[in-house]
Every structure is written in structure tokens, then in C-alpha cells.
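What follows is the residue order along each chain.
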Amino acid sequence: MGIVLRGGTIVTDTDCYHADIRIQGEVIATIGSQVAHEDDTVLPAEGYYIFPGGIDAHTHFDLPVGTMSTADDFASGTRAAILGGTTTVIDYATQFKGETLKQGLANWHQRASGNCYTDYGFHMAITDWNEHVSREMPWLSQEAGVTSVKLYMAYKNIMQVDDSALFQVLERSRNCGILTCVHCENGDIVDNLTRQLRQQGKTAPAYHPLSRPPRVEQEAVNRLMVLAELADAPVFVVHLSCREAMETVAQAKARGVKVFAETCPQYLVLEDSVYQDPTFSCAKYVMSPPLRAKENQAYLWNGLKTGILDTVATDHCSFNFRGQKDLGREDFSKIPNGAPGVEHRLGLLYTYGVQAGKLSLTQFVDKMATKPAKLFGIYPQKGTIAPGSHADLVLWDENRRFTIGAASHAHNVDYSPYEGIEQQGQSIHVFLRGRQVVRNGVVCVESPQGQYLFRKQFPQDKA
Ligand code: URP
Ligand code: ZN
Ligand code: ZN
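Residues numbered from 1 in each chain as written. Chains lettered and ligands numbered in written order. Predicted model: local features only at pLDDT ≥ 70, side-chain atom pairs only at ≥ 80, totals over all residues. Heavy atoms only, no water.

## What to know about the site of ligand 1
Thinking step 1. In the vicinity of ligand 1, 13 residues are found, and the nearest of them are Lys150, Tyr155, His183, Ser288 and Asp315.
Thinking step 2. Within the side chain of Tyr155, a nitrogen or oxygen atom sits 2.7 Å from an oxygen atom of ligand 1.
Thinking step 3. In this structure, an oxygen atom belonging to ligand 1 sits 3.3 Å away from a main-chain N or O atom of Gly338.
Thinking step 4. Given that more than half its atoms are within 2 Å of the pocket grid, ligand 1 belongs to the largest pocket.
Thinking step 5. Classifying every residue of the shell around ligand 1 by side-chain character gives 4 nonpolar, 7 polar and 2 charged. (Near = heavy atom within 4 Å. Polar contact = N/O pair within 3.5 Å; in protein donor to acceptor, adjacent residues only side chain to side chain. 1 Å grid on protein atoms, 1.4 Å probe; cavity = no way out; pocket = protein on both sides within 12 Å on 5 of 7 lines; lining within 4 Å. Sits in = over half its atoms within 2 Å of the grid points. Nonpolar A, V, L, I, M, F, W, Y, C, P; charged D, E, K, R; others polar.)

What follows is the structure, given as C-alpha cells:
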């Protein structure tokens, strides 16, 4: 017995067409007309777009930061994700100082296992590079199914790695089929600018963006491009936020550097005017990189359209305004960095991309599902609608309209950076590996159904 979605408009990264989808077990069995078997359940899908389940390849759930943890854990975070049409997340597991990769990864499996409403994989953030960790890299990619690592060029004395570690990780990752993701901001310069601001008594959150201007991001992107070229290794720039950084990526791509880049809805939709608020309220927007001047948005949208930017992920990293963000009341550099958004990624990209004429429907699908699946080793199982692929499907009503806000969102956090922003279009029914997990906009499974994804290595022909 199968399930047939009848009469919807299927959208992939290349096509948009009317057909029925027959699901059998966890996968798509057939796409066509009159695909139903006698004992199948038929669900009318007329009037809906059917997208492949979204893939958010940049989340931080249950992340310990100092004495606290992010407001969203894997249960609340992935529940919000699935309501918004994201059926897979790739979260940043972290090896903290003194830990092995094995220990770091085991900690993240413990946090996620049995708690995820989406399927999930892990990148491994390396903060303590040494000989032992280097020897663990083949294990990471071949036996643990983690085929991307992350390095931070910022967060001095906490997560930041130096150029030597960065270069060694690039070389080692290339040989192990691992894609190196990098947070690009020059942490030493951020540290200097922060100290200068503090000495001038400029401690309000409004000064956060002045401590990390676009050139700080661009310098780090440029250094990464040169090191990647020297190491002949593929790299992935996370949360790219501004024109300067994007142009640096474009130049590197043009000269053959194997670079891929991600941006996030906050950089496409929000702008730095929020920091003009002289009150502590703008701590809600303390994230790194910070929000940028509005003129950057047109460049980022164009970068998505032309392929300079490859994916859109949220960098969901939520902290409550009360009790967490406000630990930095006297000093913006003590405000935990990050903001929520996993629930609204498809909605924001659809509303301000597709509806606004900046992205086609197929480009929308490519950025939010297909390209992340390809880059992170889960395609064609995920990221497309095709026979044999997982039946991760989103039935999207383009006519639904609502206003985003903390009172109604599913994130477990007391504010939304998108408060009051309109969303056009909404995921109404969502399937995860053939099982309906959202019905009429409501989660309809009693327990989390997500499974760990053992990911394929980054292909050598791209490395
Ligand atoms: O401010 C941010 N982006 N926080 C999350 C951690 C990171 O840098 O990705
Ligand atoms: Zn980062
Ligand atoms: Zn992040």
C-alpha cells in the first residue's frame, strides 16, 4: 500500500511540471499520471507546489556557549524546522579544546539521538587541531559519515584557529574527501576593534557591527581563497554577508579556486539600520557577521541568481533576549552571538526571492535543497523529487499569508528577528521519508522520527 499525491505542481532544481507522485515505504516509487494502485491512499495536491524537503546545512542546536546553551535544542529546533518545510538539518557538532573528534561527535549524537523531527547530519567544528586529531580525519569521513569540517577564523581565544592549522586542515581534508567550511572574519582585528570601542566607552550592542565591518570579513575570505589555492583544497564559506566578501569569492571562482558559498535569510532580508536603536533591544541582532547596509542585499540576491552563492542556510543559533542576550548589557562583546530562523528559511526565500522576482522557482529549490544535498553528500537520496529518492516532500500553498512573530513561532526563544515581517506562501503538509509529519500546518507525529544521515565523501573530481 502506498500514498499518492495527486495533481500537484512538482518543482525541482531544473523543472516545474504537473504530475502525481506515488510513495512506497520511505521513497518515491513513481512519478507520472495514473500511478495509483488499488489500495493506495490518495491525497489531493491540486493547487500546491510540491518541493523537495528543505535542507538547512547550518544550524546550532543545543550548543553550549560559556555557562549557557542555545535556547533551541534538537527537539524544539527540528520541530520548528519541519513546520517550515525543512526536513533535513546539518548541525555543527563541536570539538572543544582538549577533546578528540570522537568525543566531540559522541556528545552531539547524544544530544540529537531520538530528539530530531528532521533527518540530521553533522559537520565537525575543529577548535583544537593537533596530531591526534589529524589521525582521526579518515575515521571521521569513512566511519562516522561526517564529510565536512568547520574552522573559525574568528572568536579569538575560544574557537579561532591560526593560519597554520587552517592550512593543515585544508590539506588533510582534501585527502580525506572532506569539505572544509569556514567562518570568515579576521578574529585578531575584531579583537582589536572591540578593545578600542570598549576603551571609548562604546559598549552598547549598537557598536557590535563596528567591531566587525565588511573588510574584516573580506580579508578573511581573501586569505582563505589564497590558502585553499595553495592547498588545492575545496572550501565552503559559511554565512557570507556582504558585497566585498562576495566579490572576493567571485574572483576566486573565476580563477578556478574550488570555493562554494552560503548566505542566510538575515543578510538577504534584514539590514544594519536595526543597530540605530540606542536601547539594548538591538542585542537581538547581535550575530556574526553582523547585519549589513541595505545595498548589500541586491548583490547577494544577484549572487544567488548567478551562482556565485550556492546555498541558503539559517545559521540558526538562538538565545533568549531575557536571561541570555542580556548578559551583555554592560558590554556588547559578552552578548551571545546568533539568532533564530530555521522555521522561516523557505518562507523568507520564497517571499523575498521568488515572489519578488529575484529567484525563479527552480533556483529557489536549488538553493534551499538540491545544492546543499549535492555539496554535503546526501544527493540524490535528499534534495530532489525523483524515483528512488527519499519521499521528503513539502506541499506549499502560495496563497497563504501570515506575519512572522515570537507569539506564534515554534522556536523555543522569546523573540524573532523577523517580528512583523510578512510571509507569502506556507508549507501545509510535509512528508519525511514517506511519513506525513505535518498535516494542515500542524506537526502530526507523536514522537520525533528523524534519522542520522551518514554522508558521502566530497568527490575527488571536485576536490
Ligand atoms: O553569530 C553567529 N553566527 N553565531 C553562531 C556561530 C557562528 O558563528 O556560526
Ligand atoms: Zn560562524
Ligand atoms: Zn553558525
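We are not done yet, so read on.
## Details of the packing of aromatic side chains
Thinking step 1. All told, the structure shown has 15 aromatic pairs when counted by the stated rule.
Thinking step 2. Ring geometry for Phe96 versus Trp108: centroids 6.1 Å apart, planes at 45 degrees, classification tilted. Of this pair, Phe96 sits in the loop between β9 (86–95) and α2 (101–112) while Trp108 is found in helix α2, placing the two residues 12 residues apart along the sequence.
Thinking step 3. Here Phe96 falls in the partly exposed class, since its relative accessible area comes to 23%.
Thinking step 4. A relative accessible area of 0% places Trp108 in the buried class.
Thinking step 5. For the cation-ring pair, Lys150 lies above Tyr92, with the distance from its terminal atom to the ring centre recorded as 4.4 Å.
Thinking step 6. Positioned over the ring face of Phe321 is Lys284, at 5.0 Å from the centre of the ring. (Phe/Tyr/Trp six-rings, centres within 6.5 Å; stacked < 30°, edge-to-face > 60°. Helix = DSSP H or I, 4+ residues; strand = E, 2+ residues; numbered from the N terminus. Buried < 20%, exposed > 50% of the residue type's maximum accessible area, 1.4 Å probe, protein only. Lys NZ or Arg CZ within 6 Å of the ring centre and 35° of its normal.)

## Section: the layout of surface pockets
Any space left empty among the atoms is revealed by the rolling of a water-sized probe across them.
Thinking step 1. Of the pockets and cavities examined, the largest pocket occupies roughly 970 Å³.
Thinking step 2. Val65, Tyr155, Ile158, Ser333 and Asn337 are, among the 41 residues lining the largest pocket, the residues nearest its centre.
Thinking step 3. Where the lining of the largest pocket is concerned, the elements lending two or more residues are β7 (64–65), β11 (148–152) and α5 (187–199).
Thinking step 4. It is α5 that provides the largest number of residues to the lining of the largest pocket, a total of 6 residues.
Thinking step 5. Residue composition of the lining of the largest pocket, grouped by class: 16 nonpolar, 16 polar and 9 charged. (Points joined across faces, edges and corners; volume = space filled by probe spheres on them.)

## Re the pattern of salt bridges
Thinking step 1. Considering all chains together, one arrives at 25 salt bridges under this definition.
Thinking step 2. Across the pair Arg292 and Glu217 runs a salt bridge whose closest N-O atoms are separated by 2.9 Å. Remark: Glu217 occurs in helix α6 (residues 214–231) and Arg292 occurs in the loop between α8 (265–269) and α9 (295–306); sequence separation between them is 75 residues. Note on accessibility: Arg292 and Glu217 belong to one class, buried.
Thinking step 3. Measuring nitrogen to oxygen at the nearest pair gives 3.1 Å for the salt bridge that ties Asp331 to Lys334.
Thinking step 4. Residue Asp331 is classed as buried on the basis of its relative accessible area, which comes to 7%. (Salt bridge = Lys/Arg side-chain N within 4 Å of Asp/Glu carboxyl O.)

## What about the domain arrangement of the chain?
Thinking step 1. Under the domain assignment, the chain is made up of domain 1 (3–51 + 385–443) and domain 2 (53–381).
Thinking step 2. For domain 1 versus domain 2, the separation of C-alpha centres amounts to 27 Å.
Thinking step 3. Of the roughly 3,700 Å² buried between domain 1 and domain 2, counting both surfaces, carbon and sulfur atoms make up 61%.
Thinking step 4. On the domain 1 side of the interface with domain 2, the three residues burying the most area are His411, Tyr415 and Tyr418, jointly 19% of the side's total.
Thinking step 5. Taken together, the connections running from domain 1 to domain 2 amount to 3 salt bridges.
Thinking step 6. Asp119 is the partner of Arg433 in a salt bridge, and the nearest nitrogen-oxygen pair spans 2.8 Å.
Thinking step 7. Linking domain 1 with domain 2 are 18 residue pairs in polar contact (both at pLDDT 80 or more), by the criterion used here.
Thinking step 8. For the side of domain 1 that touches domain 2, the secondary structure elements donating two or more residues are β5 (49–52), β16 (393–403), β17 (422–432), β18 (435–439) and β19 (442–443).
Thinking step 9. Residue contributions to the side of domain 1 that touches domain 2 peak at 8 residues, all from β17. (Domains from an automatic or database assignment. Buried area = accessible area lost by both parts, 1.4 Å probe.)

## Section: the coordination of the zinc ion (ligand 3)
Thinking step 1. Distances from the zinc ion (ligand 3) to its protein donors, namely His58 (NE2), His60 (NE2) and Asp315 (OD), fall within the range 2.0 to 2.1 Å.
Thinking step 2. Given 4 donor atoms and angles of 87 to 134 degrees at the metal, the environment of the zinc ion (ligand 3) is assigned as tetrahedral.
Thinking step 3. Along the chain, the residues that donate to the zinc ion (ligand 3) are spaced as H-x1-H-x254-D. (Donors = N, O, S within 2.8 Å, 3.2 Å for Na, K, Ca; no water. Tetrahedral: all angles 85-135°; square planar, octahedral: opposite > 155°, others 65-115°.)

## Observations concerning the environment of Arg255
Thinking step 1. If you trace the backbone, Arg255 turns up in the loop between α7 (243–254) and β14 (259–263).
Thinking step 2. Measuring from C-alpha to C-alpha, the distance between Arg255 and Gln324 comes to 44 Å, with 69 residues separating the pair along the chain.
Thinking step 3. Those residues in contact with Arg255 that lie beyond four places of it in its chain are Met225 and Glu229.
Thinking step 4. Reaching out from Arg255, the side chain makes a polar contact with the side chain of Glu229 at a distance of 3.0 Å. (Contact = heavy atoms within 4.5 Å.)

## Things to note about the sheet that holds β11
Thinking step 1. Strand order in the open sheet formed by 8 strands is β6-β9-β10-β11-β12-β13-β14-β15, with parallel pairing between adjacent strands. Across the chains shown, the open sheet's two edge strands, defined by having one partner strand only, are β6 (54–59) and β15 (311–312).
Thinking step 2. In the sheet, strand β10 (residues 119–126) pairs with β11 via 2 bridges, with the strands oriented parallel. What sits directly across from Met124, in β11, is Val149.
Thinking step 3. This element, helix α1 (residues 74–83), spans β9 and β10 of the sheet and lies at about 150 degrees to β9. (Pairing = 2+ DSSP bridges. Axes fitted to C-alpha atoms, helices over the stretch in contact; angles between N-to-C directions.)

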